[in-house]
Every structure is written in C-alpha cells, then in structure tokens.
Amino acid sequence: MHRMAIIDPVLHERRSQRSLSPAGNEKDIPVTADVEAGSWAVTLTPRLAQFVAVARHEHVTRAAQQLGTPQSTLSRSMARLEADLGVALFARHGRTLSLTAAGRTFLATVERALSEVDRAAESVRADADPAAGKVAFGFLHTLGSETVPELIRAFRADHPRVRFQLVQSYGESMLQRLRDGDLDLCLTSPVPDAPDLVARRLDEQKLRLVVPDDHPLASRKRIRLAEAAGELFVTLEPGYGLRRITDAVCAEAGFTPKVAFEGEEAETLRGLVAAGLGVALLPPPAVPRPGVAELTVTAPRAFREIGVAWLDGHPDTPPVAAFKRFLLSRRGQLLPR
C-alpha cells in the first residue's frame, strides 16, 4: 500500500517549436511493437522526418532546403521509402508532389509518432534540468508527517523549482521500486545490505514501548522489554522494516511477541494501543497522542537506523545528485531531537 504525489512548483513550457513538430495533435499512441533488426521501425524511422517535410512542402527542393539535405539524397530517400512499403505515397507533377490516399493515411500516423518522440525527448530533458528537474523519492510512512516535509522545505530553499515525485510506502516495496527504476532515492529502515544497492546510514531513532494510559505499566518511565513478554503486541505486517526490528529486539529480550494485530501504519497501531488492544514498540510520534503512555526501553537497546538507498551504478540527473548530496549532509541531523 502506498501513496504517490507530485510537487511541481513551476509549470514547464520547454517544448521547442520545431518545424517538423505537428501542431495541435495530443493523441497518445501506445507502443506495442518490439524494435528488432528488420522491423518496420528500424527500416523506416530514419526517413520519417524527411517524409513529413516533403509532404508538407509538396516540393522536394524546398523540403531539402529546410532539412539541409541535398535534393538528390532526399529524392532517393523518398523513392526508397515507397519501395520498402510497396506503396506510392506521392503523385508527381513536374517539380511538385501531392500525397496519395495512402500517403495521407501514412502522414497522419507518422506525425503522431514524431510528436510522441518530441514529447518524450522534452520530458526527459525537463526531468534532468539542474534547476527544475525531477526527483523520484520514496520514504517510510513514519517519516511522512514531519521529517520528509522538513527535508524538502530545507532543500527547496536553495532549489525552489525542483519537482518531487513522492512515494510513501514500506521498505521492501520502495527497494523494489528502486530496482524497477521508479525511484531515484528512498529513506528506509533498516538500512539495506544488498549487492545491487548503495545505502548510507543517516540517523538512528529510539523506539518506545507504547502502552494504554490505564495499563499497570503506564506509571513507569522506563522498562526492560522482558517485562512485557506476557503482553499482547500490535505490530506492523511481516515485510515491514519496523516489524523485523520489533521481532529482533523481542528475541534479544528473550521472548517471541504474541501478536494481536498486524497493521500498515504506526499511528494506526498507536490508536489501537489506546483502545486497549495491546502494546507496541514504536518510534516517537510527531504529535503526542492521548490515551497512551510511552516508556523508554532500557534493555535491550531498542532503536532503528534510518538510511538513504539508491541503485548501484545508476547515473544521477543533476537534481537527483543535488538532493542526494543534501541528504548525506544531514547525517546525524535527519530526525528531530
């Protein structure tokens, strides 16, 4: 389960007004064909822009002048295009040309295809723009209310036009998105150790034992986790980093937690603790929640490491590189104290 948002402070108007870019046609054309040796795409693509120029000018000489191509070269290219297709695209009238019915059909589709290429090129160029490019950034649910907004606010003080595509999810999901190329960077816990990823530890966060405010332990300030061995726990689902940490810390304390509920968000668990469903091992809340008491765990040491991860060998665009440097500069200062 995840949420995605786009933060786009500046609307980009970067599309160049190229002479070969068709006007007013925004229809999307799905790509379904494989580009393989001998395919129509490989055979025809080098000549498509030339075909559009000739079709629009209805004159080889004027089209050649526009393209900066010798007239003889362009004439041979159009003849070869027709030969490859086995269809006459032009009717010749001395020095001028006109499209055949097949030529008009072909032109409409080629214009849309070239428009898609133009939009794709402008899109990737815009995303890589050092001043106004895009960063696809993932983070844990528990970092969403305070930590990540503060990070983005501080970064955009010097990079006000950089856009963020944000994904809020659990650790394993974000790591898979890194591998799939959907994310550039992610904040996660535990810090991953995988051969295809690069990860850097940024900070650590103490975990607390959260109990209902009418619980016998609620009057305590500190507790050894072994004292909660007989309690029912509410935890995150398996696969969440905090669940793995909870299981590991309880094991170090000498017991396996008895789980009453498995959820997807820490604040949901805190609410269920307030309702008396169990106790939980959780990071501090952004805002104190009524109905619970939060105890410092003295033994074993209960904490989680927060780190930033990215795909090894994946080249960074300038905005991604800038945000990565910014995150690494926050080592030991990532979380509020």
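Structure: above.
Computed from a predicted model, the values in this text were never measured in an experiment.

Calculation notes
Residues numbered from 1 in each chain as written. Predicted model: local features only at pLDDT ≥ 70, side-chain atom pairs only at ≥ 80, totals over all residues. Heavy atoms only, no water. Helix = DSSP H or I, 4+ residues; strand = E, 2+ residues; numbered from the N terminus. Buried < 20%, exposed > 50% of the residue type's maximum accessible area, 1.4 Å probe, protein only. Pairing = 2+ DSSP bridges. Axes fitted to C-alpha atoms, helices over the stretch in contact; angles between N-to-C directions. Expected span 1.5 Å × (residues − 1). Contact = heavy atoms within 4.5 Å. Core = buried A, V, L, I, M, F, W, Y, C linked by side-chain atoms within 4.5 Å.

Draft legend 1. Examining unusual backbone geometry more closely. Following S189, the chain continues to P190 via a peptide bond in cis, the omega torsion being -5 degrees. One can find P190 in the loop between β6 (185–188) and β7 (197–206). The omega torsion of the bond from A299 to P300 falls at -10 degrees, within 30 degrees of zero and hence cis.

Draft legend 2. Focus on the pairing of strand β14 (residues 303–311). Burial analysis of β14 places seven of its nine residues in the buried class, the great majority of the element. Across three bridges, the pairing between β6 and β14 is antiparallel. The partner of L187 across the bridge, within β14, is V308. When β7 meets β14, the two strands line up antiparallel, connected through nine bridges.

Draft legend 3. Expanded view of helix α6 (residues 171–180). Listed as buried for α6 are G171, S173, M174, L175, R177 and L178. Count one or two residues on from α6 and you reach G181, which has phi positive near 85 degrees.

Draft legend 4. Representation of the sheet that holds strand β8 (residues 208–212). Taken in spatial order, the four strands line up as β9-β13-β8-β12 in an open sheet, and their pairing is mixed. Because the sheet does not close on itself, it has two edges, and the strands there are β9 (222–224) and β12 (280–282). Averaged over neighbouring strand pairs, the angle between their axes works out to 45 degrees when direction is ignored. The sheet contact formed by β8 and β12 spans three bridges and is antiparallel. When the sheet's bridge partners are listed, L209 is paired in β12 with L281.

Draft legend 5. Representation of helix α7 (residues 241–253) within the structure. When the terminal C-alpha atoms of α7 are compared, their 18 Å separation across 13 residues agrees well with the 18 Å that a helix rising 1.5 Å per residue should span. The inward-facing, buried residues of α7 contact β10 (232–236), β11 (258–263), β12 and β14. Backbone geometry just downstream of α7 places G254 in the positive-phi region, at approximately 100 degrees.

Draft legend 6. The nonpolar core, seen in detail. Within the largest apolar cluster, 39 residues are counted, with the highest numbers of intra-cluster contacts made by F137, F164, L185, L187, F323 and L327. When residues of this core are traced back to their parent elements, those giving at least two are β4 (134–140), α5 (147–156), β5 (163–169), α6, β6, β7, β14 and α9 (318–328). Those residues within four positions of L187 in sequence are excluded, and the remaining contacts are F137, G138, F139, L140, L143, V148, L151, M174, L202, G307, V308 and L334. Of all hydrophobic cores here, the second largest spans 31 residues; its members include V210, V234, L295 and V297.

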